[in-house]
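Residue strings, one per chain:
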Amino acid sequence: MKLELRGITKRFGSLVANDHIDLTVEAGEIHCLLGENGAGKSTLMNVLYGLYQADDGEVLLDDEVMHFAGPGDAMAAGIGMVHQHFMLIPVFTVAENVMLGHEATKAGGILDLATARARVREISDRFGFDVDPDALVDDLPVGVQQRVEIIKALSHDARVLVFDEPTAVLTPQETDELMQIMRQLKESGTSIVFITHKLREVREVADRITVIRLGKVVGEASPTASNVELAALMVGRAVELTVHKEEPKIGEAALVVEGLSVIDHIGQLVVNDVSFTVRKGEILAVAGVQGNGQTELTEALVGLQPRVQGSIKLDGVELTTSNVRKILDAGVGFIPEDRNEDGLVGEFSIAENLMLDRSNGAPFVKAGNVQRGFLAEFARDRVKEFDVRTQGIDEKVGRLSGGNQQKVVLARELSRDLSLFVAAQPTRGVDVGSIEFIHKRIVATRDAGVPVVVVSTELDEVAALADRIMVMYRGRIVGIVPGDTPRDVLGLMMAGEAPAEGAAA
Amino acid sequence: MSTTAEHHRTAPQPDALDTTVVTSWKAPIAFAVFTLLALALAVFAPREGVTKFRLSSPTDAVQLPEITVPTMPALWTVVVLLALVTAYSAWLVASKKRVPLWTIVVFAILFMFGFLTWAAAGASLPMIGLLFGSLSLAVPLIFGSLAGVLGERVGVINIAIEGQLLAGAFTAAVVASITGQPWFGLLAAMVAGMLVAFVLAAFAIKYFVDQVIVGVVLNVLVTGLTSFFFSQVLAPNAALLNTPPRFDRWPIPVLGDIPIIGPVFFRQTVVVYLMYIAVAAVYIGLFHTKWGLRLRAVGEHPQAADTVGINVNRTRFWNVALAGAIAGLGGTFFTIGSGIAFNKEMTAGAGFIALAAVIFGQWDPIKATLAALLFGFASNLQNTLSVIGSPVPSEFMLMLPYVVTIFAVAGLVGKVRGPAAAGKPYIKS
């Protein structure tokens, strides 16, 4: 089916998320939509899928103008979508999720689960998916959940399939399998729109590439273009894709973690008997697919997890029995994974956010009063030093872009004397320009002799920063390997396969 | 309190995480407290004589013999057994095992038996009356909790159950009095409950007002309105407007003659039979029909439901209205269900106890019904004991249903997860 978008415009208040976007996807073609976070890719696809109503422009399928009042209409017209955040109901089974919205029923409105199961099995077998229709979605690994999403779309007879950032949650091997599935779908005549900001994937699978920046189409590219060319088109200027860093000057062991386990509220060992050491002046990157215990590990280091067993020693001092306040006072800096949830108070000003962790005494607070003058001076210095693009230190943090918000968090954490720096997903949802800056600051912190732990699900980031790489899988450490370990080895480790002998670092 | 997963999970996934048991000393400590309480009764307030448990009423076709128990030996036996269960649970926790649900059930039954034996010493305890009354008192709670389950499962927290019950009770009394027909009263009560629900739905779904606040305000509004009409309109014209006819009891043939079960369950009024049907219908509807699948999807992950073409807000609106109708139906119990004239604030917090039953029942219609029955039993125990002249002060016993509620809900907090999107409005751009 041929899909055509003509002059699509979508505004949110004064923000123009899509500005007269034209896009044509031929039948049986894989068309990549490349752009940075916030460039307007997802908005465009939500317009296509009927979740948003466009302010202007039209959608055509096989040269016929369509009007979608909601996703139901889009689905009926043959458009399917695999969402970035899966649209699956965790407490339902696979079959229930697939049948939802077009349920087969027996007499009296009773659900016909047998038909739904058969449908799941049929599609699953056609593509070799191996999905159990009676499994609870919550129990499935994310890779399988994504297949359920694909089955769901195909069960609606979708002939245009949109994949919205599908690889963000996958291991490199699962990503390869997904590419294979996309090619299979293409051969069966399905048109595919593949949204991503990862250059490697684009070049591997795309037939054509359209690049979007700040809500506008800025050009088309061929899959043979180099990474540097594509990145320049995406960002609008030449970018350095690699981080320049010197050989590490490694000192003595600073952070020593032994037999650490973190238990969640239902008794699962989300971090399972983990031991590692980080020395002064080195970056240990923790790699792994999202949800394999990295979040809980970093939270345990800062004292945010309630049920922890084992030992965490920083410069010989035990931290597990301590509390967050004491751990911060011991010089631990922390960039949380979700800055809007845990890192910043959106309704507070930049200045107030910069002193969030130092409200307990001098120099920011004296006799119970916030020292406004001191704070303003401090905030102005930090904003300048960390290149936060803002109208002033009194602007609410919630109004800043992702990259500038993250710089505020970074500024707060790095403006203390640190004895350990923990950064979880430091560049998630951050523009390329800010990524360069944040990476430089992290390397500078290392060079100042601070032990650094960086958690990232992006292998590019891991490779750029790491002196050593620790891979986690299902709460355990699969292995700790040198920073220059090849991607395919890391990929296998992220799927739980231990590295070959002698690869350890 | 132990909890069970809502779905029976199939074989565990091969790559499931290792687990460890999070043990809690809650159960052994609670057991120990109640054991000491029983011991205190035996030591400080011993009562002589025997206790009789009557299992049939004089009109029954099949007459069961009375069971006679010597009071003090029975109480001491119970104390010893309670101590044993307590020790067993403490041993389980100490060796890192879970305390299974059955120990809690066994403990509760033992304690109840011991307490009743002690409280009714020298008298004869009418078991049929106790259970029959428990079921009757539980009827509005059950209807209310079904309304709560439906509301929260579809994503709208319904604090206004109390108001819906009261509106139902009021309307049923007035309409039945005027028409002389309890059936019209019943229909009118459902409409009244639904009207209250419309207000809740409109504010919560359309205007995104905090659902809890709307619910509380609605309760106050309905209380005020019904009290106003009661004192200004109903009281002066009581003969015309507030002498509702009642539903007669309809004993069901055969079923009604089964010993114990018959008189308790099958010699009730039509309101109670409607309750059986409602519980079954809501259960089957929620878990086995298209309607229930969509309803639960909307309450768990509204955006996912939206992306497969389900109209989230329309689904919410009509199911909240349906829940209101069910709660309104429950309100009829207070007036035409029992043949009592309407009185100010006569629901006396039943809607809030129903809300507790929703949580205690883990958002499951059957479990919520069982929870409501427990609360009904606690209420009726107080009535029965005061009738047979037990030494327990009636003010203390009046407190019982609420104490049970607090413990039941507190024991579950943090252990069960309600519908993920309950209380969150669905806002589309």
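Remember, it's a predicted structure, so these values are computed and weren't measured experimentally.

Student: Go over the nonpolar core, please, and point to the residues and values.
Tutor: Core analysis: the largest hydrophobic core is formed by 269 residues, its most contacted members being Phe194(A) and Ala357(B). When residues in this core are grouped by element, the largest group, 14 residues, is from helix H4 (residues 127–154) of chain B. The contacts of Ala357(B), once residues within four sequence positions are left out, are Leu141(B), Ser145(B), Ala368(B), Ala371(B), Ala372(B) and Phe375(B).

Student: How would you explain the UniProt feature "domain: ABC transporter" (unreviewed entry) in chain A if you had to name every residue and give the values?
Tutor: Residues and elements named next belong to chain A. Under the UniProt annotation, "domain: ABC transporter" (unreviewed entry) lies at residues 3–239 and 255–499. With 34% helix and 26% strand, residues 3–239 has its two end C-alpha atoms placed 33 Å apart. The span residues 255–499 is 34% helix and 27% strand, and its two end C-alpha atoms sit 24 Å from each other.

Student: Hey, could you go over the interface of chain B and chain A for me, with residue numbers and the actual values?
Tutor: The parts lose accessible area when they come together, and the size of an interface is often stated as this lost area. Contacts between chain B and chain A engage 28 residues on the former and 34 residues on the latter. If you list the elements that add at least two residues to the side of chain B that touches chain A, you get helix H11 (290–300) and helix H12 (302–307) of chain B. By residue number, the principal contributor to the side of chain B that touches chain A is H11(B), which donates five residues. Residues belonging to the side of chain B that touches chain A are distributed by class as follows: nine nonpolar, 12 polar and seven charged.

Student: Give a description of the domain arrangement of chain A that names residues and reports values.
Tutor: All names here are of chain A. When its domains are assigned, chain A resolves into domain 1 (1–233), domain 2 (240–330 + 416–504) and domain 3 (345–415). Of note, the centres of domain 1 and domain 2, computed from C-alpha atoms alone, are 33 Å apart. Opposite the 11 residues of domain 1 that make contact, domain 2 presents 12 residues. Going through the elements one at a time, helix H6 (172–187) and helix H8 (227–235) are the ones with two or more residues in the side of domain 1 that touches domain 2. Among the elements that make up the side of domain 1 that touches domain 2, the one with the highest residue count is H8 (three residues).

Student: For the packing of helix H2 (residues 71–94) of chain B against helix H3 (residues 101–119) of chain B, give the residues involved together with the corresponding values.
Tutor: Residue and element names in this part refer to chain B. Following both chains from N to C, one finds H2 and H3 inclined at 160°, their axes separated by 9 Å at the closest point. Classified by the angle their axes make, H2 and H3 are roughly antiparallel. Between H2 and H3 lies a crossing of left-handed hand. Between H2 and H3, the contacting residues are Thr71, Ala74, Leu75, Val78, Leu81, Leu82, Val85, Tyr88 and Ser89 on the first element and Thr103, Val106, Phe107, Leu110, Phe111, Phe113, Gly114, Thr117 and Trp118 on the second. Here the contact of H2 with H3 is built from residues that sort into 13 nonpolar, five polar and no charged.

Student: I'd like to hear about the domain arrangement of chain B, residue by residue, with values.
Tutor: Its domain assignment divides chain B into domain 1 (23–116) and domain 2 (135–394). Its residues assigned to classes, the side of domain 1 of chain B that touches domain 2 of chain B shows four nonpolar, two polar and one charged.

Student: Provide a residue-level description of the pairing of strand E14 (residues 308–314) of chain A, including the pertinent values.
Tutor: Residues and elements named next belong to chain A. One ladder, built from six bridges, connects strand E11 (residues 253–263) with E14; its direction is antiparallel. Opposite Val262, over in E14, you have Val308 as the bridge partner. By the bridge criterion, two bridges tie E14 to strand E15 (residues 317–318) in an arrangement that is antiparallel. Along E15, the bridge assignment pairs Leu314 with Val317. From the end of E14 to the start of E15, which pair antiparallel, there are two residues, and Asp315 there has a positive phi angle of about 50°.

Scoring rules and cut-offs
- Residues numbered from 1 in each chain as written.
- Chains lettered and ligands numbered in written order.
- Predicted model: local features only at pLDDT ≥ 70, side-chain atom pairs only at ≥ 80, totals over all residues.
- Core = buried A, V, L, I, M, F, W, Y, C linked by C-beta atoms within 7 Å.
- Buried ≥ 20, exposed ≤ 12 C-beta atoms within 10 Å, placed from the backbone.
- Helix = DSSP H or I, 4+ residues; strand = E, 2+ residues; numbered from the N terminus.
- Contact = placed C-beta atoms within 7 Å.
- UniProt positions renumbered as here; feature names shortened; annotations may be inferred.
- Nonpolar A, V, L, I, M, F, W, Y, C, P; charged D, E, K, R; others polar.
- Domains from an automatic or database assignment.
- Axes fitted to C-alpha atoms, helices over the stretch in contact; angles between N-to-C directions.
- Parallel < 35°, antiparallel > 145°, perpendicular 65-115°, else oblique.
- Left-handed = near helix turned anticlockwise from the far one by under 90°.
- Pairing = 2+ DSSP bridges.

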